[in-house]
Amino acid sequence: MSPFSAAPGPGPVAARRRPVGSLSGSPLRWGVLAAVVLVALAADRLASGWLNAYQLHVLCITGIAVIMAASLNLVNGITGQFSLGHAGFMAVGAYAGAALTVKWGQPWAIYLGHGTPQPVAAAASFVLALLVAGLAAAGVGVVVGMPAARLRGDYLAIATLGFGEVVRELLLNAEAVGGRTGFGGIPQSTSLAWVLALAALTIIVLRNILCSTHGRALLAVREDESAAMAQGIDVARYKVGAFAVSAFFAGLAGCLFAHRFCFIHPDNFGALQSIEIVTTVVLGGMGSITGSVAAALVLGPLPEVLKLAADWAERASAATGAGATAGPSALLAAGLELKAHPEYLWIVYSLLLVGMMLLRPQGLMGDREVSLGMLRRLLPRPGGGEVGDGR
Amino acid sequence: MSGPTRYRIALVALLLTALVAVGGCPPSAAPKEPVSPAVPPPPSKTKATSGPEESTGSGLSGLATAQFAPNVPDIKVGAYLALSGPQATFGQSTRKAIELAADEINAAGGIGSKQITLIVKDDRSRKEDAASCVRMLIDQDKVDAILGEVASSNSLAAAPLCQEAGVPMITPSSTNPRVTQVGDCIFRVCFIDDFQGEVMARFVRNTLQAQKAAILTDLANDYSVGLGKRFREVFTELGGQIVAGDTSYAEGDKDFSGPLTKIAAADPDVLFVPGYYTDVALVAKQARTHGLRATICGGDGYDSSKLVELAGEAANGLYFSDHCWKGDPSPTVRNFYQAYQAKHGAEPDALAALGYDAMYVLAHAFARAGSTDKAAVRDALAGTREFAGVTGTFSIDAQRNAKKAAVVLTIKDGAQALAETIPAD
Amino acid sequence: MHGGLAQQVVEQAFNALFNGSVWALIAVGYSMVYGVLKLINFAHGEVFMVGAFVGYLAVVELHWPWMAGLGLAMVACPLLALLIERAAYRPLRAAPRLAALITAIGVSLLLQNLAIRIFSAEPKGYPRLLSDSALRLVIIGTAIACTVALHEVVHRTQVGTAIRAVSHDREAAALMGINVNRIVAIAFVLGSAAAGVAGVLYGMYYNVEPLMGFRPGLYAFVAAVLGGIGSVRGAAVGGLALGILLVAASSIAIPLGGEAALELSKYKTTITFLVLTAALLFRPAGLLGRGQVQKL
């Protein structure tokens, strides 16, 4: 048995060095989980007091984008398999979760007993919906991953793009979940707390995977499949696993999306959305979870921010009359031009993509993560000590 | 069970309960609009309703002089439309007309001397953006009423938000019956697909004397599929026969040779294609090439000045149901036509006419309500009777739809011509 | 023209031929570029679109005859393709394939959105220059002519031999004294000229819009793969195969007993991609390709 196929866990310390920052096997992880939940709840309470419903909505959208980008990074960046159909997994999760809540949400109140207050029953139903959404998406991820494991680079990209389109077509024809009219009537269970908690969970789990032996196997698959195979790594199994895990989180994001917008339609999960997520991952740095998160935090709310800017420009120019051509008026003109032609956003994205590949193919963060090791390296150390593992 | 495991389970249970108890509560940031009792209209405005329905107001009459609550600075009306993306032509048309209407009203003194502030948002033809735009309009811009959208799916995406916040929403052109079923704050000023499908089925059967018809729908578009279903129902009820099964294409498809050859083999008298003009133009062009002699018919999706450019000669002889006809000699229509043409240098289409009417209907509802109180405006909208608009004279019925006449238009020598007018029932 | 099943089948076969010709014309470009660079040129569909717009502008704005518009597209598209190759693909020739793939996607998106900005998203139509039936014959004829011509070039000329050498092994070809950059450029020129022709003819038949390149680009790629990517004949065969598949999928209804029938036209995309995946898994070299030994 090669050392790479051993499961992580407590063992002779000499045989493996636990990467810095990983909490596997440590009782501390339950504390971290508790902290995540409490921080999410606190942030929600705080934000609800300060922000209006629209601004909370934008934060939720951003959080969902973070989950999508981070989960896609597992496949595209860490395993090196270029998937262009991630929105398809999101769709599966969204529809599965929504179908459960809308069609079978009620029985949970009965299950838990008639005395259960409505919020508890609704939330329990939501937890179940999330689980079902994630697992359904993961199942589809396995189905997609199996043939995908045998396809190479460019072909895989087209095949995954096709997968996204197939999901969309199947959903358009699925009358039971609304089909081409859309699926409405979904209760708005997604609050900022849920989004924050699940985003944090996604990042933590992905980080743990990355820092574990499984993560190293995935990186080996990315770097050189043949060498990895020679080392005894079951490449096909790891590829399918990567698809499955990444699809699971995409499914969670989809369920969050469905319960936030309360109305879903196959057009919400098309090729356009897949390409948006891929752009986020590429610009943030394929292989860096921090990079994906950072890019999603910027690019997620960007369309809304631009809308606000364009609206401001329109109001300002209406107030001052026909714009002159000096200083701030140039900014106003730019804002007006943007309002009239939103395709500028995509022109900029595509130029960034091409520019990135030509000048800095590793993206914003490259392969690096913000980690305790990196922070430790930045601080002066008393003795020599081991070099912290920044990856 | 070992010690630590028990504690872990307890901790997880505690966390879940905390999350459920707190996170599961509805967010406190968006309190529902309190439903206040409707403000009774000022006594001078009540009319005894006996005998035939009297109009609750049309055009500019009575707007500037309406009694209005003094403490509001202006009336904020929001609109969410597709100003870019694949449905941009629909959204732009509607926006221009809404703006025209708002400008006219403001120039004539506003509503009760309050000006209308129009806030238009672009949803980029995307449904999730439609919801975000409406969120923005309701919570950030704090509008008093909302106009939008054209495509029914987009309206369906945003209507629940308006309903939940109690903000009245009028869709100018969404024809799917489900839109107004979302709640009592959602209205429309156009007819619904059930009516439109029936109109065309009757026209095709009775006026065109068609015995056999084939249907080609856009499977990606609920408007198309809904119209097709209704047409099939009524046509078969009237004794017609549907041939060539249930062929469909997907939005954006360019090549219809497969379905058209199949349909041509069944030799129908009429081919019903209830899609958007971009696809229909290609169907019409290709139909001739495949030997189809059938007359091609459809719905209001055909209404566009571009149809003739895109279909060329094949556009002649198409029939389609629509909301209004620009050749109508009535002064309301003529004035609108001239004003739109003068301001935008292009001919208005039916979507523009509907947008224009929607704005005026809303304005009159504000005038009758006498304030920006959303519940009052909602009630006033529901009470709209005999509104004389560009798209006909209509009332808002109990399902919050507009009962109005339809016209059947045709293309003759590259221009729209009237074939028939169908009254409201 | 309405007759029995036999006549329908004949007509549908002709439809398939016509359909397939379009895909073949575009697929040839994919094949040539993939052959020399081992890169799926995602921007190829957009080059096709630019060709259509160039032809449209020539005919509608400059009032040229349509063949002159065709000629202009045959010049403009290669120029555009060369620009893309020089600016975006050549610097990344040594980089990992993924980088080139992402760049190709970026260029594709850039061209689409520039076209939307300049022309607005709505479709535009050509004035009636040729009857539609005549146009169909022109398209089929052009496809056949182009494929034959390119096949001759690749297999009978010296340049063609160089192209085949570079496809086989770029380094060895360079060692033989072949100017790889020049050959790559020639491959781009040939492929894009075909795409430009396809664009103009397609635009005349199906109208012109900025996003018109996305679907045909995808389908042409499927065609190229089905037939055997890297080979001109493969592009033609693949195009035909895809044409048959699409026409069949859009008109066949499988009877399910009684009145009900399963309309395959509702599942065109699904069927196409299932076929593609099956082809990639079971016959990755395509219908005409030779099995390649995967060297470790």
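Chains are numbered independently. Their residues run from 1 in the order of the written sequence. For naming, the first written chain is A and the first written ligand is 1, with later ones following in the order written. For a predicted model such as this one, the threshold for reporting local features is a pLDDT of at least 70, and the threshold for listing and counting side-chain atom pairs is 80 or more; totals across whole chains, interfaces and linings nevertheless cover every residue. Processing note: side-chain calculations cover all non-hydrogen atoms of the structure and skip hydrogens and water entirely.

A. Representation of the overall build of chain C within the structure. Within chain C one finds 11 helices and 2 strands. The secondary structure listing takes helices from DSSP runs of H or I that are at least 4 residues long and strands from runs of E that are at least 2 residues long, numbered from the N terminus. Starting at the N terminus, the α and β elements of chain C follow one another as α-α-α-α-α-α-α-α-α-α-β-β-α. On C-alpha atoms alone, chain C measures out to a radius of gyration of 20 Å, which is about the 19 Å that the 2.2 N^0.38 rule sets for 296 residues. Across the 296 residues in chain C, those meeting the buried criterion constitute 55%. Residue pairs at least 24 apart in sequence account for 75% of intrachain contacts in chain C once pairs closer than 6 positions are excluded. Just so you have it, chain C exposes about 12200 Å², and 67% of that area is on carbon and sulfur atoms. The charge count includes Lys and Arg as positive and Asp and Glu as negative, but it does not include His or the ends of the chains. Just so you know, the charge point we use is NZ for Lys, CZ for Arg, CG for Asp and CD for Glu. Positive and negative side-chain charges of chain C, numbering 20 and 12 respectively, have mean locations separated by a distance of 11 Å. Taken over C-alpha atoms, the radius of gyration is set against a globule rule of 2.2 Å times the number of residues to the power 0.38. Note on classification: 1.4 Å probe, protein chains only; a residue is buried when its accessible area is under 20% of the maximum for its type, exposed when over 50%, partly exposed between these limits. Throughout, a contact is declared for two residues whenever any of their heavy atoms are within 4.5 Å. Calculation of accessible area relied on Shrake-Rupley with a 1.4 Å probe; when residues are assessed, cover is drawn exclusively from the protein chains displayed.

B. Quick look at the environment of Asn335(B). With respect to the helices and strands, the residue Asn335(B) is situated in helix 11 (residues 331-344). Sequence spacing of Asn335(B) and Leu362(B) is 27 residues, and the spatial spacing of their C-alpha atoms is 19 Å.

C. Geometry of the interface of chain B and chain A. Listed per partner, the contact involves 41 residues of chain B and 47 residues of chain A. For this document, the term salt bridge refers to a Lys or Arg side-chain nitrogen within 4 Å of an Asp or Glu carboxyl oxygen. For the pair chain B and chain A, the number of links is 4 salt bridges. Whenever a nitrogen or oxygen atom comes within 3.5 Å of another N or O atom, the pair is scored as a polar contact, on the condition that within protein one atom can donate a hydrogen and the other can accept it, and that pairs from neighbouring residues in sequence are kept only if both atoms are in side chains. Taken together, chain B and chain A are joined by 9 residue pairs in polar contact (both at pLDDT 80 or more). Residue assignment for the side of chain B that touches chain A shows that the elements contributing at least two residues are helix 1 (3-23), strand 2 (116-122), helix 3 (127-140), helix 4 (152-165) and helix 7 (222-237) of chain B. The biggest single contributor to the side of chain B that touches chain A is helix 3 of chain B, with 10 residues. Here the nonpolar group is Ala, Val, Leu, Ile, Met, Phe, Trp, Tyr, Cys and Pro; Asp, Glu, Lys and Arg are the charged ones; every other residue, Gly included, is treated as polar. Looking at the side of chain B that touches chain A, its residues break down into 18 nonpolar, 9 polar and 14 charged.

D. Representation of unusual backbone geometry. Gly148(B) connects to Glu149(B) through a cis peptide bond whose omega is -15°. Phi is positive for Arg124(B), which is not a glycine, with a value near 50°. With respect to the element layout, Arg124(B) can be found in the loop between strand 2 and helix 3. What makes Arg124(B) buried here is its relative accessible area of 16%. At Ser120(C), a residue that is not glycine, the phi angle is positive and equals roughly 65°. Tracing the sequence through the fold places Ser120(C) in the loop between helix 4 (97-119) and helix 5 (132-156). Owing to a relative accessible area of 31%, Ser120(C) belongs among the partly exposed residues under this scheme.

E. Spotlight on the sheet that holds strand 13 (residues 402-403) of chain B. Residues and elements named next belong to chain B. When DSSP finds two or more bridges between two strands, those strands count as paired. A sheet is described by the order of its strands in space; here 3 strands give the open sequence 11-12-13, paired in antiparallel fashion. Strands at the two margins of the open sheet, each flanked by one partner only, are strand 11 (387-389) and strand 13. Sheet topology places strand 12 (residues 392-396) next to strand 13; 2 bridges connect them, and they run antiparallel. In the strand pairing of strand 13, isoleucine 396 is matched with alanine 402.

F. Looking closely at the confidence of the model for chain A. Residues and elements named next belong to chain A. For every residue, the pLDDT score states the predictor's confidence, bounded by 0 at the bottom and 100 at the top. In the predicted model, chain A carries a mean pLDDT of 83, and the fraction of residues at 70 or more is 81%. Per-element confidence in chain A is highest for helix 10 (residues 235-261), whose mean pLDDT is 95, and lowest for helix 4 (residues 107-111), whose mean pLDDT is 59. In this model residues 383-391 is a low-confidence stretch, pLDDT under 50, and it forms 14 contacts with partners more than four residues away in sequence or in other chains.

G. Here's a closer look at empty space enclosed by the protein. Lining residues are those with an atom within 4 Å of a point, where the points come from a 1 Å grid over the protein atoms alone and group into cavities, where a 1.4 Å probe fits but cannot get out, or pockets, open sets with protein on both sides within 12 Å along at least five of seven lines. Grid points are joined across faces, edges and corners, and a volume is the space filled by probe spheres set on the points. Summed over the entire model, instances satisfying the criterion amount to 7 cavities of 30 Å³ or more. Its volume calculated, the largest cavity comes out at about 550 Å³. Looking at the largest cavity, it is lined by 26 residues, and the ones nearest its centre are Ile61(A), Ala65(A), Glu276(A), Gly300(A) and Arg126(B). It is helix 2 (residues 53-78) of chain A that provides the largest number of residues to the lining of the largest cavity, a total of 5 residues. Residues of the lining of the largest cavity, tallied by class, amount to 15 nonpolar, 5 polar and 6 charged. Counting only elements with at least two residues in the lining of the second largest cavity, the list comes to helix 13 (302-320) and helix 14 (328-340) of chain A together with strand 2 of chain B. Considered class by class, the residues forming the lining of the second largest cavity number 6 nonpolar, no polar and 7 charged.

H. A look at the interface of chain C and chain A. Contact with chain C, which involves 40 residues of that partner, is made by 35 residues of chain A. Note: buried area is the sum, over both parts, of the accessible area (probe 1.4 Å) each one loses when the two are combined. Interface area, chain C with chain A, both sides summed: about 3600 Å², of which 74% is carbon and sulfur. The largest share of the area that chain C buries against chain A comes from Ile102(C), Arg117(C) and Leu281(C), three residues that together contribute 18% of it. At the junction of chain C with chain A, the criterion picks out 2 salt bridges. A salt bridge links Glu337(A) to Arg117(C), with the nearest nitrogen and oxygen atoms 2.5 Å apart. On the surface where chain C and chain A come into contact, there are 10 residue pairs in polar contact (both at pLDDT 80 or more). Sorting the residues of the side of chain C that touches chain A by element identifies helix 3 (66-89), helix 4, helix 9 (214-227) and helix 11 (268-282) of chain C as the ones contributing at least two each. Among the elements that line the side of chain C that touches chain A, the one with the most residues is helix 4 of chain C, at 15 residues.

I. Looking closely at the packing of helix 2 (residues 44-60) of chain C against helix 4 of chain C. Residue and element names in this part refer to chain C. Axes, fitted as lines to C-alpha atoms, cover a helix only where it is in contact. Angles between the N-to-C directions of the axes lie from 0 to 180 degrees. It is the contact of helix 2 with helix 4, at a shortest axis distance of 9 Å, that shows an interaxial angle of 25°. What the angle tells us is that helix 2 and helix 4 run roughly parallel. The two elements helix 2 and helix 4 cross, and the hand of that crossing is left-handed. Along the contact surface, helix 2 presents Glu46, Met49, Phe53 and Leu57, while helix 4 presents Ser108, Leu111, Gln112, Ala115 and Phe119. An angle below 35 degrees is treated as roughly parallel, one above 145 as roughly antiparallel, one from 65 to 115 as roughly perpendicular, and anything else as oblique. Crossing handedness is read from the near helix: turned anticlockwise from the far helix by less than a right angle, it gives a left-handed crossing, and turned clockwise, a right-handed one.

J. The packing of aromatic side chains, seen in detail. Think of it this way: a Phe, Tyr or Trp ring, Trp meaning its six-membered ring, pairs with another when their centres are within 6.5 Å, and the plane angle makes it stacked under 30 degrees, edge-to-face over 60, tilted otherwise. Applying the stated rule across the entire model yields 33 aromatic pairs over all chains. Aromatic pair Phe203(B) and Tyr319(B): ring centres 5.3 Å apart, planes at 50°, arrangement tilted. One end of the pair, Phe203(B), is in helix 6 (residues 193-207); the other, Tyr319(B), is in strand 10 (residues 319-322), and 116 residues separate them in sequence. Through successive ring pairs, a cluster of aromatic residues spans Tyr95(A), Phe183(A), Phe257(A), Phe261(A) and Phe269(A). Any Lys NZ or Arg CZ that is within 6 Å of a ring centre and within 35 degrees of that ring's normal is treated as a charge sitting over the ring. When the ring centre of Tyr238(A) is taken as reference, the NZ or CZ atom of Arg237(A) above it lies at 5.9 Å. Positioned above the aromatic ring of Phe18(C), the side-chain terminus of Arg136(C) is 4.9 Å from the ring centre.

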